[in-house]
Amino acid sequence: MNSFLNRSKFKTYPNTSFVFIILLFLLCQLSSCKKEKGINHIEWQNESLTLTSELCKKFRECADAEWNSIPENLKKFTESRLEESNCQKRFRESNAYKLIGSDPIQIQSTFKECYKQVMASSCKDLQTGKMNQLPACVLFQKIQN
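Residues numbered from 1 in each chain as written. Predicted model: local features only at pLDDT ≥ 70, side-chain atom pairs only at ≥ 80, totals over all residues. Heavy atoms only, no water.

## Considering the overall build of the chain
What counts is decided by this rule: Helix and strand definitions here come from DSSP, where helices need a minimum of 4 consecutive H or I residues and strands a minimum of 2 consecutive E residues; each element is numbered from the N-terminal end. Burial here depends on accessible area, computed with a 1.4 Å probe over protein chains only, as a share of the maximum for the residue type. Under 20% is buried, over 50% is exposed, and the range in between is partly exposed. Each accessible area is a Shrake-Rupley estimate made with a 1.4 Å probe; only the visible protein chains count as cover when residues are assessed.
When you go through the chain residue by residue, the secondary structure sums to nine helices and zero strands. Its helices and strands taken in sequence order, the chain reads α-α-α-α-α-α-α-α-α from the N to the C terminus. Buried positions account for 27% of the 145 residues belonging to the chain. Just so you have it, the chain exposes about 10,900 Å², and 57% of that area is on carbon and sulfur atoms.

## Observations concerning the state of the cysteines
Definition in use: We call a pair of cysteine sulfur atoms a disulfide when they lie within 2.5 Å.
Overall, the coordinates contain three disulfides when judged by the stated rule. A disulfide bridge connects Cys56 with Cys87, and the sulfur atoms are separated by 1.5 Å. Of note, the bridge from Cys56 to Cys87 carries an S-S torsion of about -50° and is left-handed in sense. Here Cys56 is found in helix α3 (residues 42–65), whereas its partner Cys87 is found in helix α5 (residues 84–92), with 31 residues between them in sequence. Relative accessible area serves as the criterion here: at 3%, Cys56 is assigned to the buried category. Each sulfur in the disulfide pair Cys114 and Cys137 lies 2.0 Å from the other. Between Cys114 and Cys137, the S-S torsion sits near 105°, and that sign places the bridge as right-handed. One end of the pair, Cys114, is in helix α7 (residues 104–120); the other, Cys137, is in helix α9 (residues 135–144), with 23 residues separating them in the sequence. Should the bonded cysteines of the chain be numbered as they appear in the sequence, the pairing reads 1-3, 2-5, 4-6.

## With respect to the environment of Met131
Rules: Residue contacts follow a heavy-atom distance rule, with two residues in contact if any of their heavy atoms lie within 4.5 Å.
Looking at the element boundaries, Met131 is found in the loop between α8 (123–127) and α9. Its relative accessible area of 27% is what places Met131 among the partly exposed residues. Separated by 13 residues in the primary sequence, Met131 and Val118 place their C-alpha atoms 6.8 Å from one another. Residues in contact with Met131, not counting those within four places in the same chain, are Phe59, Val118, Asp125, Leu126 and Cys137.

## With respect to the packing of aromatic side chains
The test is simple: Centre distance within 6.5 Å is the pairing criterion for rings of Phe, Tyr and Trp, where only the six-membered ring of Trp is used; planes under 30 degrees apart are then read as stacked, over 60 as edge-to-face, and the remainder as tilted.
Here the structure, examined in full by the defined rule, presents four aromatic pairs. Plain terms: the ring middles of Trp44 and Phe111 are 5.8 Å apart, the flat faces sit at 90° to each other, and that makes the pair edge-to-face. Residue Trp44 is located in helix α3, and its partner Phe111 is located in helix α7; the two are separated by 67 residues in the primary sequence. Residue classification places Trp44 among the buried residues on the basis of a relative accessible area of 1%. Ring-pair connections join several aromatic residues into one group, and the members of that group are Trp44, Phe91, Tyr97, Phe111 and Phe140.

## What about unusual backbone geometry?
Glycine aside, residues mostly have negative phi angles, and peptide bonds mostly take the trans form. Positive phi, normally seen in glycine, also occurs at Leu99, with a value near 55°. Mapping Leu99 onto the fold places it in the loop between α6 (95–98) and α7. A relative accessible area of 4% places Leu99 in the buried class.

## Some thoughts on the environment of Leu134
Relative to the elements of secondary structure, Leu134 occurs in the loop between α8 and α9. Not counting residues up to four positions away in its chain, the partners in contact with Leu134 are Gln117, Val118 and Ser121.

Shown next, in the form of structure tokens:
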């Protein structure tokens with residue numbers, strides 16, 4: 001019996017304080033991992049918000065012409081998405097606004113080209129989904145995702 005007690009004194013058990021400190025350190029490291037913030041480019045942000053505002057306006061005008069054909073349950077949703085402040089808010093959260101996911105120059109030029117093509121399109125073209133066939137807009141959508 002005496003030998004049993006002597007052996008148990010020499011067994012090593014993990015120090016719970018040490019384990020707790022290691023776990024706390026690992027959790028802090030994991031929580032400090034943040035999403036890529038992007039590039040803070042004020043001129044681009046201002047210009048892109050202006051272009052986005054004009055795009056939202058065009059989509060609102062195109063929606064107004066066909067407003068009666070939109071199902072009642074989608075009207076409020078559609079209206080809120082096209083409202084300028086919400087439209088810009090969503091864009092501020094995008095990869096293009098933050099210049100994330102591709103070469104910043106490519107993001108800017110692709111967005112501007114898509115903007116030109118959309119603004120040159122008729123409402124009928126936009127309503128029938130031709131925007132999804134415009135090369136610059138297709139590329140821009142890939143950047144956004």
